[in-house]
Amino acid sequence: MWAELLPIGRDAAIGGYRRFSWTPPELECRAWFRDQARRRGLRLEADRNGNLFAWWDAGSGPAVLTGSHLDSVPGGGAFDGPLGVVSALAAIDRLRAEGWTPRRPIGVAVFAEEEGARFGVACLGSRLLTGAIDPARARSLRDGDGRTFGEVIAEHGLDPEAIGPEEDLLGRIGCFVELHIEQGRALHAPVGVASAIIPHGRWRLDFTGRGDHAGTTRLADRRDPMLPFARAVLAARDGAAAHGGVATVGKTAVVPGGVNAIPSRVTAWLDARGPDEEAVRRIVADTLQAARRAGADHGVSVELTEESFTAVVDFDRALRDRLARIVGGPPAADAGTPAPRGAAGGGAGDRPGPHAPDAGTAPILPTGAGHDAGVLAARVPSAMLFVRNPTGVSHAPAEHAEPDDCLAGVAALTAVLKDLAGEE
Ligand code: GLV
Ligand code: MN
Ligand code: MN
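Just so it is clear, the model here is predicted, and its values are computed rather than measured.

1. Concerning the pairing of strand β2 (residues 52-56)
Taking burial as the measure, the five residues of β2 include five buried ones, the bulk of the element. Every second residue of β2 is oriented toward a common face, with Leu52, Ala54 and Trp56 on one face and Phe53 and Trp55 on the other, all of them buried. With four bridges connecting them, strand β1 (residues 43-46) and β2 associate as antiparallel partners. The partner of Glu45 across the bridge, within β2, is Phe53. Hairpin remark: β1 followed by β2, antiparallel, with five residues in the connecting loop; positive phi at Gly50, about 90 degrees. By the bridge criterion, five bridges tie β2 to strand β4 (residues 106-111) in an arrangement that is antiparallel. Across the sheet, Ala54 pairs through a bridge with Val108, a residue of β4.

Structure below.
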C-alpha cells in the first residue's frame, strides 16, 4: 500500500506532500482508496459531504468505524492521515487471514479536508457529517484562488445544497477509533492511546494600510501594514508563553507582494492552542491588542476574524481505558513523565501528560493536534491510537515512524477491532 501511495503528491519544491482536497493528488489518493476497497470486496459508500467509507458488512448492529484522512498540509509528512487508513486496511487483512468474522460491521473512513489546507476550516468533512458547521458557511468557504467549497465539490459530483449532518449514517456508527502518528514528543512506547485534544482555533488578521513606492515614500508618510503585522507575530509568541499555550503564524498573504512596493494589505493566519479555552482566548486578545496599538502608530487598520474554534475534547473514558488495556503490553519505562506546562504534547499545558500506565496498559496521553476523532467524539464514542514518532516532527517532510512501530500500530488496531467488533 505504501509503495502505491508514496509517489502521489510529492512536493518537489519544498519536500513532503501537497495533497489539498479535490486537487489531482488528493483525487488520486481517493481513487487509490476506492481501488483498495474494491480489491478487498469492501462496499464503498460516499456520503453527501465528500467523506468515503469502505464497509466490511458483517454481523449486525452499530458498526465499528476506523480510518483517518488522505489530504495533507503543504509540505506535509507521509504519515499524518494515511497511516490511519493504511493501518485500518492492513488490520482488516489480518483479521481475514485469521479467518475471523466480525459480529458487527467494520468501516474504514477517509474524511475530507481534515487539514483545512484548502478551505481554511480543519476537519470540514467530519464537521459537516456531524453538524458541527453550518452548511451555508461551509458552502461559501473559499480556497486560495477564490473558488468556493460549493463550486469545487459540485465539479466532483456532490450537491452543494445537500451537504450537512447525516443522521442515518451517524446512527449506524457504534464507535470510532482513529489510528494516527503521534505528533508531539511525549510518546516513548510504540503505541499509545489519546486522552484529550487541547482547545485550538484559527483566526485571520487583516492589516490594511496604503500601497506606495519603496524608494520615494518618507518613513513619516507611510501606512505600512507589515509593521503592525510584525508586532502581532511577536505578541502571539509572547502571549503563548505567558498563558501556557502555543501560537503560530504559518501563512500570510501580502498585497501586492512587490520587493519595491510598500504593501497595501497583509493578511496573516494565527493558529492558537492552549491548556484551556481561556488561555487560548487570552493569547488571541493579547495579539489583537498589540496589533491594534501598532496599527494606530502606523495608520493601519486591523481586523480579526475567527475562522474556527474547537473546544477541549475529552475522549470517552471507558473506550479509552478499554483500548489501553487491549493494546496492553508492559509499560515503557520512560512513558510516565508528565508534560511540562506548554511543552510536551504541543501545548498540552496543565492537562495531564502521558501517565505511567498500570501494568499491562498502554500509555495514555493528550495531544495538541486536531483530529476527525475529536469532531466525531461529540456524536459517537471515539478514541485514538497513536504510533510513536521518534523525533516528534510533524506537518513537515521529516515526519517519520519506524516500520516496526507502524506494525505494532496495525497489531494494536487489529486487536481493538477484534475486541470491539467481536461483541454482540
Ligand atoms: C491538524 O493536524 C491540526 O492539528 O492542525
Ligand atoms: Mn495534520
Ligand atoms: Mn491528521
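2. Here we look at the pattern of salt bridges
Summed over the entire model, instances satisfying the criterion amount to 29 salt bridges. The shortest N-O distance in the salt bridge between Asp57 and Arg43 comes to 2.7 Å. In this pair, Asp57 sits in the loop between β2 and β3 (63-69) while Arg43 sits in strand β1, placing the two residues 14 residues apart along the sequence. Owing to a relative accessible area of 45%, Asp57 belongs among the partly exposed residues under this scheme.

3. Describing the coordination of the manganese ion (ligand 3)
Looking at the manganese ion (ligand 3), the protein donor atoms are His69 (NE2), Asp80 (OD) and His180 (NE2), and they sit 2.0 to 2.2 Å from it. Each donor residue of the manganese ion (ligand 3) belongs to the same chain, and together they define the spacing H-x10-D-x99-H.

4. Topic: the coordination of the manganese ion (ligand 2)
Around the manganese ion (ligand 2), the protein contributes the donor atoms Asp80 (OD), Glu115 (OE), Glu115 (OE) and His395 (NE2), at 2.0 to 2.7 Å from the metal centre. Donor residues binding the manganese ion (ligand 2) come from one chain and are separated in sequence as D-x34-E-x279-H. The metal-metal distance between the manganese ion (ligand 2) and the manganese ion (ligand 3) comes to 3.5 Å, with Asp80 coordinating both. Linking Glu115 in the loop between β4 and α4 (124-130) with His395 in the loop between β15 (382-387) and α13 (403-421), this pair joins segments that are 280 residues apart in sequence. Since its relative accessible area comes to 7%, Glu115 is described here as buried. Residue classification places His395 among the partly exposed positions, given a relative accessible area of 40%.

5. Quick look at the packing of helix α10 (residues 317-327) against α13
Relative placement of two packed helices is described by the angle separating their axes and the distance separating the axes. Interaxial distance between α10 and α13 falls to 9 Å at its minimum, and their mutual angle equals 125 degrees. Here α13 runs oblique to α10, going by the angle between their axes. In the packing of α10 onto α13, the handedness of the crossing is right-handed. Contacts between α10 and α13 involve Leu319, Arg322, Leu323, Ile326 and Val327 from the former and Ala412, Ala415, Val416, Asp419 and Leu420 from the latter. Here the residues of the contact of α10 with α13 sort into eight nonpolar, no polar and two charged.

6. Observations concerning the site of ligand 1
Taken together, Glu115, Arg273, Ala369, Gly370 and His395 make up the full set of residues adjacent to ligand 1. The side chain of Arg273 places a nitrogen or oxygen atom 2.8 Å from an oxygen atom of ligand 1. Within the backbone of Gly370, an N or O atom sits 2.7 Å from an oxygen atom of ligand 1. About the coverage of ligand 1: the protein hides 93% of its 200 Å² of free accessible area. Of the residues in the shell around ligand 1, the class split is one nonpolar, two polar and two charged.

7. Section: the domain arrangement of the chain
Bring the parts together and some accessible area is lost; that lost area is often taken as the interface size. As far as domains go, the chain holds domain 1 (2-183 + 369-420) and domain 2 (201-310). A C-alpha centroid distance of 33 Å is found between domain 1 and domain 2. With nine residues of domain 1 at the contact, the number on the domain 2 side is six residues. Where domain 1 abuts domain 2, roughly 510 Å² becomes buried across the two surfaces, and 25% of that area is made up of carbon and sulfur atoms. When the buried area of domain 1 at its contact with domain 2 is split by residue, Gly120, Arg127 and Arg137 rank highest and sum to 53% of it. Our count for the contact surface shared by domain 1 and domain 2 stands at zero salt bridges. For the side of domain 1 that touches domain 2, the residue count by class is three nonpolar, three polar and three charged.

The rules we used
Residues numbered from 1 in each chain as written. Chains lettered and ligands numbered in written order. Predicted model: local features only at pLDDT ≥ 70, side-chain atom pairs only at ≥ 80, totals over all residues. Heavy atoms only, no water. Buried < 20%, exposed > 50% of the residue type's maximum accessible area, 1.4 Å probe, protein only. Helix = DSSP H or I, 4+ residues; strand = E, 2+ residues; numbered from the N terminus. Pairing = 2+ DSSP bridges. Salt bridge = Lys/Arg side-chain N within 4 Å of Asp/Glu carboxyl O. Donors = N, O, S within 2.8 Å, 3.2 Å for Na, K, Ca; no water. Axes fitted to C-alpha atoms, helices over the stretch in contact; angles between N-to-C directions. Parallel < 35°, antiparallel > 145°, perpendicular 65-115°, else oblique. Left-handed = near helix turned anticlockwise from the far one by under 90°. Contact = heavy atoms within 4.5 Å. Nonpolar A, V, L, I, M, F, W, Y, C, P; charged D, E, K, R; others polar. Near = heavy atom within 4 Å. Polar contact = N/O pair within 3.5 Å; in protein donor to acceptor, adjacent residues only side chain to side chain. Areas by Shrake-Rupley, 256 points an atom, 1.4 Å probe, with all protein chains shown as cover. Domains from an automatic or database assignment. Buried area = accessible area lost by both parts, 1.4 Å probe.

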